Amino acid sequence: MKQLEIMSNFLHHITQCILFASFFLIIMALLKILEFPDPKLRQRASEVTVFDNTLKTTCEDMLETMYNAKGIGLAAIQVNIIKRIVVIDLSEEKNNPLIFVNPEIIKISVDTKQHGEGCLSVPGIYENVTRPDSFIGKYHDLDGLEHKLEADGLLSVCLQHEIDHLNGRVFVDHLSRLKQEKIVRKLQKEKRRSLAEA
């Protein structure tokens, strides 16, 4: 009788775990990341005006997509959501998600710095890009409250990169025309090879 009770409790625990896992999978969705030179990446995102549970779900899905792709930043445009939303996590443990709604750069520094950049929408490509070293900006949180921001270092680079996306720009736009054409050819070649191996 005692064994039956233990077994029953065990099965109940397993069932709860399965139900929780299923619920987690349902509420967290992986989104398709657009790849350069997809013209959808050239869309300009519109301002978020409604701060509700749909916005929170969108941000959760974007974070899950970013983590799954091993990225440190993702703009809504990259997953074909035409809203001014950016998610970032620069932590080694990937446990410090940052969400910026309607991010805006107000003032950039005079000093510039070159950084190596990559992009989830331009897979396998890494190039040096020169940007302002720091900036002052503002953004809204998920509750619609406005915050000021002073960004430098990697956060500055990452946010400038993602805000570019919201304005219909990709980091390769900062490169020479020759390099851009070379990147397009390389990506097309990789795509053809992937299709051939599928």
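The residue count restarts for each chain, going from 1 along the sequence in the order it is written. pLDDT decides what is reported in this predicted model: residues at 70 or higher carry local features, side-chain atom pairs at 80 or more are listed and counted, and totals for whole chains, interfaces and linings draw on all residues regardless. Excluding hydrogens and water, the side-chain figures rest on all heavy atoms present in the structure.

A.B. asks: Got a minute to help me understand unusual backbone geometry in this structure?
C.D. replies: Generally, phi is negative for residues other than glycine and the peptide bonds are trans, each holding for most cases. Residue Pro 37 is bonded to the preceding Phe 36 through a cis peptide linkage, with omega at 10 degrees. Even without being a glycine, Lys 70 presents a positive backbone phi close to 60 degrees. Helical segments are the DSSP runs of H or I of at least four residues, strand segments are the runs of E of at least two, and each set is numbered from the N terminus. For Lys 70, the position within the fold is in the loop between helix H2 (53–68) and strand S1 (73–75). Phi is positive for Lys 94, which is not a glycine, with a value near 55 degrees. Only protein chains enter the calculation, and the probe is 1.4 Å; a residue is then buried if its accessible area is under 20% of its type maximum, exposed if over 50%, and partly exposed in between. By relative accessible area, which is 32% here, Lys 94 ends up partly exposed.

A.B. asks: How do you make sense of the side chain of Thr 58 when you look at a structure like this?
C.D. replies: With respect to the helices and strands, Thr 58 occurs in helix H2. Every residue pair with non-hydrogen atoms within 4.5 Å of one another is taken to be in contact. For Thr 58, the residues in contact, after removing those within four places along its chain, are Ile 81 and Ile 85.

A.B. asks: Whenever I open this one, the sheet that holds strand S7 (residues 146–152) confuses me. Can you help?
C.D. replies: Sheet architecture is open: 5 strands sit in the order S1-S2-S3-S6-S7, paired in antiparallel fashion. Among the strands making up the open sheet, the edge pair consists of S1 and S7. Here the average twist between neighbouring strands, direction ignored, is 40 degrees. Pairing between two strands requires that DSSP report at least two bridges joining them. Pairing of strand S2 (residues 85–88) with strand S3 (residues 98–108), which is carried by 4 bridges, proceeds in the antiparallel orientation. Among the inter-strand pairings, Ile 85 is bridged to a residue of S3, identified as Val 101. For helices, the fitted axis covers only the stretch in contact; all axes are lines through C-alpha atoms, and the angles between them, taken along N-to-C directions, range from 0 to 180 degrees.

A.B. asks: Which parts of the structure should I look at to understand helix H4 (residues 177–197)?
C.D. replies: In an α-helix, one full turn covers 3.6 residues, which means residues spaced three or four apart are oriented alike. One fewer than the residue count of a helix, multiplied by 1.5 Å, yields its expected span. Helix length check: H4, at 21 residues, gives a terminal C-alpha distance of 31 Å against a target of 30 Å (1.5 Å per residue), a fit within 8%. Along H4, the residues classified as buried are Gln 180, Ile 183, Val 184 and Leu 187. Down the axis of H4, the sector holding all buried residues measures 100 degrees, keeping them to one side. Those residues of H4 that are exposed and angled more than 90 degrees off the buried face are Leu 178, Lys 182, Lys 189, Arg 192, Ala 196 and Glu 197. In this structure, the buried side of H4 is in contact with strand S5 (122–132). For this quantity, the arc is that covered by the directions from the helix axis to the C-beta atoms.

A.B. asks: How should helix H3 (residues 153–166) be read in this particular structure?
C.D. replies: Its 14 residues place the ends of H3 21 Å apart at the C-alpha level, agreeing with the 20 Å of an ideal helix rising 1.5 Å per residue. Three or more residues of H3 are buried, namely Leu 155, Ser 156, Val 157, Cys 158, Leu 159, Gln 160, His 161, Glu 162, Ile 163, Asp 164, His 165 and Leu 166.

A.B. asks: In this structure, what is going on with the pattern of salt bridges? I would like to understand it.
C.D. replies: Pairing is possible between side chains that carry opposite charge, provided their charged atoms lie close to one another. One side-chain nitrogen of Lys or Arg within 4 Å of one carboxyl oxygen of Asp or Glu is enough to make a salt bridge. Applying the stated criterion across every chain, the model contains 6 salt bridges. A salt bridge links Glu 127 to Lys 179, with the shortest nitrogen-to-oxygen separation between them at 3.3 Å. Of this pair, Glu 127 sits in strand S5 while Lys 179 sits in helix H4, and the two are 52 residues apart along the sequence. By relative accessible area, Glu 127 is classed as partly exposed at 21%. Looking at Lys 179, the relative accessible area reads 38%, which means it is partly exposed. Put simply, Arg 131 and Asp 164 hold a salt bridge, and the shortest N to O gap is 3.0 Å. Placement of the pair is Arg 131 in strand S5 and Asp 164 in helix H3, with a sequence separation of 33 residues.

A.B. asks: Would you explain the packing of aromatic side chains in this entry?
C.D. replies: The relative placement of two aromatic rings is captured by the distance of their centres and the angle of their planes. Note on ring pairs: Phe, Tyr and Trp rings are taken, using the six-membered ring of Trp, and paired if centres are within 6.5 Å. Classes follow the plane angle, with under 30 degrees stacked, over 60 edge-to-face and the rest tilted. With the rule as written, the count across this model stands at 1 aromatic pair. Taking 4.9 Å as the distance between ring centres and 70 degrees as the angle between the ring planes, the aromatic pair formed by Phe 100 and Tyr 139 counts as edge-to-face. Residue Phe 100 is located in strand S3, and its partner Tyr 139 is located in strand S6 (residues 134–140); the two are separated by 39 residues in the primary sequence. With respect to class, Phe 100 is no different from Tyr 139; both count as buried.

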